[in-house]
Amino acid sequence: MDWSKAKTLLMLTFLILNVYLAIQLMDRMVEPRIVATSATGKSILKDRQIDEKKLQPVTRDIGYLTAEVDARTLAPLASSPIRDAVASVKNDVEWSVRLTKPYPLEAKTMRDSASSFVQASVRYGAEYTFWKYDSKYQEMTFVQTYKGQPLYSTPQQSREDDAMIGPSLLVLQLNDAKEIVSYKQRHLNKVVRQAQDVTLLSASEAIVQLSEQGLFPASKRLTSHKLGYFCLVTEGTESVQILPPTWQIELDNEEVYFVNAIDGGVQTVERLDTVSKK
């Protein structure tokens, strides 16, 4: 058999398998969870001093996204201000870049300074937006976006050498002087919106869901909420990512919950450190 034809056939077989597994995963998510009665929901919102009219509306036909893990180079461009940085790659998808000279951030405008660095220096930098700051590890995390909506994914769960960051994240490493000394980056490409005939949870329903699970007691306050997407872990389909619409709900400026807008499941919980809003 012609080797080139055999190789093409093998690649097509793996692609079909990935698509099949992705469809099977989504089939398990299409039935929304009933979270509470209308009266109970209104009582929960009132106890938490939330005005339902001020919550972000949701387009019911938003659908979910599919994407592929980008295995192309993420090394700085030749025109980048950090083009002389030292770059290395892990498993063909996670790039580590160490700057030859630390990049200073303005203490009072860390977010703006870091965003300017990302825009000017990082490959596909315009696609990323600030997400969170970890003062313990001195890391600033940016998340990839699609048409202005964030594509969240699970952050690095371990500090072991073989741990990888989420497939849509960019993590800047700072030193004690609040200078960028290195960063890790992963990227999604071929992002496609898929039509889906299912009613999504509204912001109020997601809040009720958290409350029903005991994660949003009346003693806490809603400080922000935003509809985006979240990369699901898809074993056996590493190259294909499924991203259902997901509510990011922040409480007391320090806790963030991700509520799947299709089935109401909580994807992950993160704690935030405060950092300049500028």
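Residues numbered from 1 in each chain as written. Predicted model: local features only at pLDDT ≥ 70, side-chain atom pairs only at ≥ 80, totals over all residues. Heavy atoms only, no water.

Student: Please explain the overall build of the chain as it appears in this structure.
Tutor: Looking only at helices and strands, the chain features four helices and 14 strands. Within the chain, buried positions represent 48% of all 278 residues. Here the analysis covers contacts within the chain between residues at least 6 apart in sequence; of these, 65% occur between residues at least 24 apart. Total accessible area on the chain stands at roughly 14,800 Å², and carbon and sulfur atoms take up 52% of it. (Helix = DSSP H or I, 4+ residues; strand = E, 2+ residues; numbered from the N terminus. Buried < 20%, exposed > 50% of the residue type's maximum accessible area, 1.4 Å probe, protein only. Contact = heavy atoms within 4.5 Å. Areas by Shrake-Rupley, 256 points an atom, 1.4 Å probe, with all protein chains shown as cover.)

Student: Would you take a moment to explain helix H4 (residues 203-212) for this structure?
Tutor: The periodicity of an α-helix, 3.6 residues per turn, causes residues three or four positions apart to be oriented the same way. Counting buried residues along H4, eight of its ten residues qualify, which places the element largely inside the surrounding structure. Taken together, the buried positions of H4 are Ala 203, Ser 204, Ala 206, Ile 207, Val 208, Gln 209, Leu 210 and Ser 211. Phi turns positive, to about 80°, at Gly 214, one or two residues after H4.

Student: How do you make sense of the sheet that holds strand E11 (residues 240-243) when you look at a structure like this?
Tutor: Hydrogen bonds along the backbone pair up the strands of a sheet, which may run parallel or antiparallel. One open sheet holds the three strands; their spatial order is E9-E1-E11, and the pairing between them is antiparallel. Two strands lie at the open edges of the sheet, namely strand E9 (188-194) and E11, each paired on one side alone. Within the sheet, the average angular offset between the axes of one strand and its neighbour, ignoring direction, is 25°. Relative to E11, strand E1 (residues 64-69) is paired through four bridges, and the arrangement is antiparallel. Of the residues in E11, the one forming a bridge with Leu 65 is Leu 243. (Pairing = 2+ DSSP bridges. Axes fitted to C-alpha atoms, helices over the stretch in contact; angles between N-to-C directions.)

Student: Just checking my understanding: could you explain the pattern of salt bridges for this structure?
Tutor: Pairs may arise between side chains of opposite charge once their charged atoms sit close together. All told, the structure shown has six salt bridges when counted by the stated rule. The closest approach of N and O atoms between Arg 72 and Asp 70, which form a salt bridge, is 2.7 Å. You can call Asp 70 buried: its relative accessible area is 1%. (Salt bridge = Lys/Arg side-chain N within 4 Å of Asp/Glu carboxyl O.)

Student: Just to check I follow, could you spell out the side chain of Ser 182 for this structure?
Tutor: Inspection of the secondary structure assignment puts Ser 182 in strand E8 (residues 179-185). By relative accessible area, which is 11% here, Ser 182 ends up buried. Contact partners of Ser 182, with chain neighbours within four places excluded, come to Val 97, Arg 98, Leu 99, Val 171, Leu 172 and Gln 173.

Student: What am I meant to see in helix H3 (residues 110-121) here?
Tutor: Relative to the 16 Å expected for twelve residues at 1.5 Å per residue, H3 spans 16 Å between its end C-alpha atoms, a close match to the ideal helical length. Those residues of H3 not exposed but buried are Met 110, Ser 113, Ala 114, Phe 117, Val 118 and Ser 121. Each buried residue of H3 sits inside an arc of 135° when the element is viewed along its axis, so together they form one side. Considering only its buried residues, H3 is in contact with strand E3 (94-104), strand E4 (128-134), strand E5 (139-146), strand E7 (169-174) and E8. (Expected span 1.5 Å × (residues − 1). Arc of directions from axis to C-beta.)

Student: When you look at the pairing of E3 in this model, what are you seeing that I'm missing?
Tutor: Walk down a regular strand and you will see the side chains alternate between the two sheet faces. In this structure, strand E2 (residues 86-90) lies alongside E3, joined through five bridges in antiparallel fashion. Among the inter-strand pairings, Val 89 is bridged to a residue of E3, identified as Trp 95. Between the antiparallel neighbours E2 and E3 lie three residues, among them Asn 91 with a positive phi of about 55°. Across six bridges, E3 lies against E8 in antiparallel orientation.

Student: Looking at this structure, I do not really get the packing of aromatic side chains. What am I missing?
Tutor: Two measures describe an aromatic ring pair: the distance that separates the ring centres and the angle between the ring planes. Going through the model one piece at a time under the given rule, you end up with seven aromatic pairs. Here the aromatic rings of Phe 130 and Phe 142 are separated by 5.7 Å at their centres, their planes lie at 85°, and the arrangement is edge-to-face. With a gap of twelve residues between them, Phe 130 in strand E4 and Phe 142 in strand E5 connect regions that are remote in the sequence. Classification of Phe 130 by relative accessible area gives buried; the value is 12%. Here Tyr 152 and Phe 258 contribute two aromatic rings whose centre-to-centre distance is 4.9 Å and whose plane-to-plane angle is 55°, an arrangement assigned as tilted. Taken as a pair, Tyr 152 in strand E6 (residues 149-152) and Phe 258 in strand E13 (residues 255-260) lie far apart in primary sequence, 106 residues in all. Here Tyr 152 matches Phe 258 in class, with each residue buried. Across from the ring centre of Phe 216, 5.5 Å away, lies the NZ or CZ of Arg 48, which sits over that ring. (Phe/Tyr/Trp six-rings, centres within 6.5 Å; stacked < 30°, edge-to-face > 60°. Lys NZ or Arg CZ within 6 Å of the ring centre and 35° of its normal.)

Student: Teacher, can you tell me more about unusual backbone geometry here?
Tutor: Residues apart from glycine generally show negative phi values, whereas peptide bonds are mostly found in trans. In this structure, Gln 138 takes a positive phi of about 55° despite not being glycine. Checked against the element boundaries, Gln 138 lands in the loop between E4 and E5. Of note in the backbone geometry, Asp 252 takes a positive phi value of approximately 55° without being a glycine. Tracing the backbone through its elements, the reader meets Asp 252 in the loop between strand E12 (245-251) and E13.

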